[in-house]
Amino acid sequence: MKVSIIKNPQIFSVEFPSFESISIAMDNEDSAGLFIRDIGESELNKFGINTDSPIRKMSGGYRIGFSYITKVISSKSVKQEVAKLVEVARDELGVKKNIRGNALECVMIKKAKTADIVRTDFNAYFHEKSSKLIIDATSEDLSQMAIGCMLKLLGSMKCATIYVDGIGESLSQQILKSIEQDNELGFAGFEFTDKLNLKHPEHGTSKYTGEYTLEHIAELINSGFRCERVSLKKCGMMFDFTSDLKIKSIKLTEDLESDIVDDYEHIAEDVLREIKHQEVSVELVVGVVNDLTEYFESIQKA
């Protein structure tokens, strides 16, 4: 059985209403236009709240579903057809002004009618105790679309990215400190795993996937390289951590995944079992983000 977990969270500090209040806002007639609808023949994409699963109550918060529908159109074929139209207009019709914009619009409308349609469903999770919004989207663009949709739904909202100044420098110094003092990589209960990316302003990037010695990493940091991305593990959750305080590519250890499956296999309904898995995932992500934020803030204050 596959465990439903958050994989690539975009995390924000927010002030959101209760589950009951936001449910009422969704039921309001004025909010009807925020829900996803079928994409039109000439439309290129659509975004909105998932009509099949708009909002679900969770332990400690709630989940909001979003959907993005887009049409797959080859950029190469578009460029070729636009070039042909421009050439015909110039050479055969004698058009002198730049019509590339009009030609592009015509080509896109034409191709949209026969293009393949791809739908992406994803969720945003609000954790009430920490006032954190976790958007599990495949790109920052989708995350921003979700934020925009919520802003329209609520009318106003406080939302801020989680930021700690100088994490890249602090992380690099903690790596160096752990090597020199403990002859290993780790800090504040976080274990390093296989990936380590270092970057120098003049000498480019050095990427490692388990094939490095502690001595070599120490030499690089002492020569001016700084950590940009590293794989960490804590509480059974493995993830990539970046110098701008982002968590990516989350995975669970086999033991933790097995424990989650065993804990909730008695729940017959797939949707309810999925919610329980996601509740565990939300708590893991919030816990890790809080630990990382508090740790690096304490370093900055020291």
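Keep in mind that what you see is a predicted model, and the values were worked out from it rather than measured.

### Observations concerning a negative patch on the surface
Next, step 1: Taken together, Glu254, Asp255, Asp259, Asp262, Asp263 and Glu265 make up a surface patch of like negative charges.
Next, step 2: Tracing the backbone shows Glu254 in helix α7 (residues 254–264).
Next, step 3: Judged by relative accessible area, which is 71%, Glu254 ranks as exposed.

### Examining helix α4 (residues 140–154)
Next, step 1: Taking 1.5 Å of rise per residue, 15 residues should cover 21 Å, and α4 covers 21 Å from first to last C-alpha, within 8% of that figure.
Next, step 2: All buried positions along α4 are accounted for by Leu142, Ser143, Ala146, Ile147, Cys149, Met150 and Leu153. One side of α4 carries all its buried residues, which in axial view fall inside an arc of 160 degrees. Away from its buried face by more than 90 degrees, α4 exposes Asp141 and Lys152.

### Here we look at unusual backbone geometry
Next, step 1: Although it is not a glycine, Cys235 sits at a positive phi angle of roughly 55 degrees.
Next, step 2: Note on placement: Cys235 falls in the loop between β11 (226–234) and β12 (237–242).
Next, step 3: One non-glycine residue, Ser249, lies in the positive phi region at around 50 degrees.
Next, step 4: Counting through the fold element by element, Ser249 comes out in strand β13 (residues 247–252).

### A word on the packing of α7 against helix α8 (residues 270–301)
Next, step 1: One can describe the packing of α7 onto α8 by two numbers: an axis separation of 10 Å at closest approach and a directional angle of 140 degrees. Here α7 lies oblique to α8, going by the angle between them. Here the hand of the crossing between α7 and α8 comes out right-handed. Contact residues: Leu256, Ile260 and Tyr264 in α7; Arg273, Lys276, His277, Val280 and Leu284 in α8.

### Structural notes on the pattern of salt bridges
Next, step 1: Scanning the model with the defined rule gives 12 salt bridges in all.
Next, step 2: Lys195 is the salt-bridge partner of Asp240, the closest N and O atoms lying 2.7 Å from each other. You can see Asp240 sitting in strand β12 and its partner Lys195 sitting in strand β9 (residues 190–200), a full 45 residues away along the chain.
Next, step 3: Asp240 gets classed as buried once you look at its relative accessible area, which sits at 5%.
Next, step 4: The salt bridge partner of Asp240 is Arg229, with a shortest N-O separation of 3.1 Å. Of this pair, Asp240 sits in strand β12 while Arg229 is found in strand β11, placing the two residues 11 residues apart along the sequence.
Next, step 5: One network of salt bridges, in which partners are shared, links Glu81, Lys110 and Lys111.

Rules and cut-offs
Residues numbered from 1 in each chain as written. Predicted model: local features only at pLDDT ≥ 70, side-chain atom pairs only at ≥ 80, totals over all residues. Heavy atoms only, no water. Patch = residues over 30% accessible without salt bridge, like charges linked within 9 Å, V, L, I, M, F, W, Y side chains within 5 Å. Areas by Shrake-Rupley, 256 points an atom, 1.4 Å probe, with all protein chains shown as cover. Salt bridge = Lys/Arg side-chain N within 4 Å of Asp/Glu carboxyl O. Lys, Arg positive; Asp, Glu negative; His and termini not counted. Charge placed at Lys NZ, Arg CZ, Asp CG, Glu CD. Helix = DSSP H or I, 4+ residues; strand = E, 2+ residues; numbered from the N terminus. Buried < 20%, exposed > 50% of the residue type's maximum accessible area, 1.4 Å probe, protein only. Expected span 1.5 Å × (residues − 1). Arc of directions from axis to C-beta. Axes fitted to C-alpha atoms, helices over the stretch in contact; angles between N-to-C directions. Parallel < 35°, antiparallel > 145°, perpendicular 65-115°, else oblique. Left-handed = near helix turned anticlockwise from the far one by under 90°. Contact = heavy atoms within 4.5 Å.

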